[in-house]
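The primary structure of each chain is shown beneath.
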Amino acid sequence: MMKATVNMQNGGVVPAGDEVYDVVVIGAGAAGLSAALLLARARRRVAVVDAGEPRNAPAAHMHGYLSRDGLPPATLLDLGRAEIAHYGVDVIRGRVEHVEPGYDVRLEGGPVLKARRLLVATGLRDELPDLPGVRERWGKDLLHCPYCHAYEVRDQPLAVLGTHPGAVHQALLLHQWSKDIVFLTHALELSPQEREQLEAFGVNIVEGRAVRLVVDDDRLRGVELTDGRVIPRTAAFLFPYPASRDDLLTLLGCAKDDNGWVVTDRTGRTSVPGVWAAGNVVDPRAQVIAAAGMGSSAAFAINADLLHEDVEHAVAQHRAVVALT
């Protein structure tokens, strides 16, 4: 068993410098925690490094997660951390500064963790338009995912802001939850086909750029346009630009696709030996339950890879002993 010391400054656990983890998981969202749980139950020595910046922190509740529907995202993470702690996983609060092949995981202002394998589950950040009220209302009544939040604003007057090419599909999809939808073109130039689709679905198209969200008594009341009009709405949706937190994977030289996202196989294995990635860091569409599944799949594959290495090492030692007898 690895010796560890408690770091009172960050509340986490810091290992002795000469010890080696089987796996270091970077990121303690659903993907990272799920992977750590499975690996710890397989009696692997695991550390999880958590910077404490979950993507869904602004949301009051998460939905679509079987048996956990409506649970606050922070509560899910608290439960996950408690579960992995039960199996002896070291949870270290901090940020990874650098990773060197081998693998040495250097923390900002802290120790270097030595690992046989890495799982990067650092998620992504949503890049939002620079409009007054957007950041303040994000995750409250300014929303992104219809599957996650539309049921809670069903049959209400909704707006969709044209901030991203995906906004048209978003508006068409929202028609399943409300028939009172306004599409604000904002920065988006609609094609004739897109305009026809929206009109056929009864979506009211309003030309003009939005300048701010109108909020009163901590509730969205509408969207103001440059000409002074206020479009009354009780909730709005926009499609953010997802930016992967893949700096570590990039530094390690992991291959990317034409869209700039790190490429993995079905288990999360990257092009760099010994490095896996799971969750939103490689798939911006993955909901919480999908990210957890990706973490679990990666953990299976990592354990199998470690087993293969362990067997090869044991066989080599066995042959050496046999050769001496």
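As shown above, the structure is provided for reference.
None of the values given here were measured: they were computed from a predicted structure.

S.K.: Outline the sheet that holds strand 10 (residues 142–143), listing residues and values.
M.R.: The strand order across the open sheet formed by 5 strands is 10-17-11-12-13, and the pairing between neighbours is parallel. One side of each edge strand has no neighbouring strand; the edge strands of this open sheet are strand 10 and strand 13 (204–206). Where strand 11 (residues 158–161) lies against strand 12 (residues 181–184), 4 bridges are found, and the strand directions are parallel. Bridging across to strand 12, L161 finds its partner in L184. Along the sheet, helix 5 (residues 167–174) makes contact with strand 11, strand 12 and strand 17 (235–238), crossing strand 11 at roughly 165°.

S.K.: Requested: an account of the layout of surface pockets, with residues and values cited.
M.R.: Within this model, the second largest pocket holds a volume of roughly 340 Å³. In terms of lining, the second largest pocket is formed by 16 residues, of which the most central are K140, D141, L143, E152 and V153.

S.K.: Help me get a handle on the pairing of strand 7 (residues 104–107), residues and values and all.
M.R.: Only one face of strand 7 is covered, namely the one carrying V105 and L107; the face carrying D104 and R106 has none of its residues buried. Here strand 6 (residues 96–100) runs beside strand 7; their pairing, made up of 4 bridges, is antiparallel. By the bridge assignment, H98 is partnered in strand 7 with R106. As consecutive antiparallel partners, strand 6 and strand 7 are separated by 3 residues, and within that stretch G102 has a phi angle of approximately 145°, a positive value. Once strand 7 ends, the chain turns through 4 residues before running back antiparallel as strand 8 (residues 112–120), passing G109 with a positive phi of about 65°.

S.K.: Which residues make up the pairing of strand 15 (residues 219–225), and what values go with them?
M.R.: Most of strand 15 is tucked away, with 5 of its 7 residues classed as buried. The sheet contact formed by strand 14 (residues 210–216) and strand 15 spans 6 bridges and is antiparallel. By the bridge assignment, V214 is partnered in strand 15 with G222. Once strand 14 ends, the chain turns through 2 residues before running back antiparallel as strand 15, passing D217 with a positive phi of about 55°. Both strand 15 and strand 16 (residues 230–232) contribute to a ladder of 3 bridges, which runs antiparallel. Along strand 16, the bridge assignment pairs G222 with P232. Count of turn residues in the strand 15/strand 16 antiparallel hairpin: 4 residues, of which G228 carries a positive phi of about 95°.

S.K.: Can you lay out the packing of helix 1 (residues 30–41) against helix 8 (residues 288–324) for me, pointing to particular residues and giving the numbers?
M.R.: Put simply, helix 1 and helix 8 touch, their axes get as near as 7 Å, and they point 40° apart. Relative to helix 8, helix 1 is oriented so that their crossing is right-handed. Only V288, A291, A292, G295, S296, A299, F300, I302 and N303 of helix 8 make contact with helix 1, whose side of the interface consists of A30, A31, S34, A35, L38 and L39. For the contact of helix 1 with helix 8, the class distribution of residues is 11 nonpolar, 4 polar and no charged.

Here is what the cut-offs are and how they apply
- Residues numbered from 1 in each chain as written.
- Predicted model: local features only at pLDDT ≥ 70, side-chain atom pairs only at ≥ 80, totals over all residues.
- Heavy atoms only, no water.
- Pairing = 2+ DSSP bridges.
- Helix = DSSP H or I, 4+ residues; strand = E, 2+ residues; numbered from the N terminus.
- Contact = heavy atoms within 4.5 Å.
- Axes fitted to C-alpha atoms, helices over the stretch in contact; angles between N-to-C directions.
- 1 Å grid on protein atoms, 1.4 Å probe; cavity = no way out; pocket = protein on both sides within 12 Å on 5 of 7 lines; lining within 4 Å.
- Points joined across faces, edges and corners; volume = space filled by probe spheres on them.
- Buried < 20%, exposed > 50% of the residue type's maximum accessible area, 1.4 Å probe, protein only.
- Left-handed = near helix turned anticlockwise from the far one by under 90°.
- Nonpolar A, V, L, I, M, F, W, Y, C, P; charged D, E, K, R; others polar.

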